[in-house]
Amino acid sequence: KKWVARSVCNSASPTPRATATACNPQTNADTTSWMTSHYRPNLNAAVACEELLQKLLDTISKYKGMRPYNRTVGYVDTDDSDAEKYTALGSVYLLHRDLADVDRYDYDDRAWSPLSGAPGSAVQCNGTSPHVRKTKFVLGQFGVMRSSRKGGLRTGWRINGRPLQMVNVHLFADVSNIDAAAQTPSKDALIRRAALEFLIDGVSDPAHESDDSGGPAVEESTDGRPGKRSRKGPARAQLPEAAFFFGDFNFRLANSELAQHISSGSRGKFCRNRPDHPPTKVVYNKRGSGAPALVLEKKKFLVTDPEFYAAESLADLRQFDLEGNEFDTLLEMERRFLPSYPFVDSDGPAADSGQVYAKTRAPAWCDRVLMNPQARSLVKDDSFSYFCIGENVPMGDHKPVALALQLI
């Protein structure tokens, strides 16, 4: 409830007419096992996901500020029977009652269908939905030979006559801090670039309209009744060109340059269990003093200077935030908030404050809202607010990020 109150219900002021929320899996743990131990034993994972989404939507609807939203649509990938097709991604859309003209894009018929609803309407499971397209990055794609749930979840909307697509993004994380500091761009950064370019191509490439990754995701909706598909002869509606990309991009800082910055240009000392083994630790001593300034392990990022995590120092890290600059076809509004990852996500005073970064990775702006030029042309200049949510409360290892804007 605390997460919902901070992220969904207090995302912007004044009350937005439409909101989109990306829901990404927290870990790669087996969904069925998690459901058995944390939710309801012996419950099918797909059914459990649908129930949890129902609970989320019910929780949202109970907040006073949510009463004007009479149409709530949730999409979730619930089929974990095939690991090569399962993303666990979900997206939630809230539509204000003042929005009279809202249509969804039907990817099967390439047509628009009206979205209708009434306050208090119940969530329905419509089975496989033509209104969503899932992309799962398969094993071996982009040279990735490790199992993951990374991919994208895409929907098409026409709001007051403005067609656009919303793409929930979840890209690959860094495998090792040591590897990430070996070169710029790192190997994982190059993988993320290729994966995101694949999703960008899917917005306009008709080949991506058929779901080659295992069929459309499951949809849940509070439409009081499913909208009828619009059929007007053989003509097909054009796929919306404007697209917003939002979610966990896992963009990381240029760790090689960052290590040089922290240590004032010293070379790292590599520690190995055996001479022929890969390094397990890299120590960067402060030039001039010889004292350790930075210690890297696979999942440890230890800076000895406590001022490194001061707000002013964290803001200065933007000079090492290079990944988002690699895409000519993606734009981002001015970003003034501090890194959204990684925060302490365990019990105790550090987690309770919601302000303490974990010493596992370099702080980074993993969570973003980006858009292509066609979408940017729909945004009214100087109408946006781009911010991090829940800066002073625990929200998990990632802080949700929100972009509030007005369409022209």
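Residues numbered from 1 in each chain as written. Predicted model: local features only at pLDDT ≥ 70, side-chain atom pairs only at ≥ 80, totals over all residues. Heavy atoms only, no water.

1. Some points on the pattern of salt bridges
Applying the stated criterion across every chain, the model contains 16 salt bridges. Here E326 makes a salt bridge to R193, at a shortest N to O gap of 3.3 Å. Within this pair, whereas E326 is found in the loop between α7 (311-316) and α8 (349-353), its partner R193 is found in helix α5 (residues 187-204), the two being separated by 133 residues in sequence. Relative accessible area serves as the criterion here: at 39%, E326 is assigned to the partly exposed category. Among the residues examined, R193 registers a relative accessible area of 24% and is labelled partly exposed. With a closest N to O distance of 4.0 Å, E297 and K281 form a salt bridge. With a gap of 16 residues between them, E297 in strand β14 (residues 292-297) and K281 in strand β13 (residues 281-285) connect regions that are remote in the sequence. Owing to a relative accessible area of 30%, K281 belongs among the partly exposed residues under this scheme. (Salt bridge = Lys/Arg side-chain N within 4 Å of Asp/Glu carboxyl O. Helix = DSSP H or I, 4+ residues; strand = E, 2+ residues; numbered from the N terminus. Buried < 20%, exposed > 50% of the residue type's maximum accessible area, 1.4 Å probe, protein only.)

2. Section: the environment of Q183
Along the chain, the position of Q183 falls in the loop between α4 (177-180) and α5. The exposure class of Q183 is partly exposed, given its relative accessible area of 33%. Each C-alpha atom, one on Q183 and one on N255, is 8.0 Å from the other, the two residues being 72 residues apart in sequence. Dropping the residues within four chain positions of it, Q183 is found in contact with L190 and S256. Within polar-contact distance, the side chain of Q183 engages the backbone oxygen of P185 at 3.1 Å. (Contact = heavy atoms within 4.5 Å. Polar contact = N/O pair within 3.5 Å; in protein donor to acceptor, adjacent residues only side chain to side chain.)

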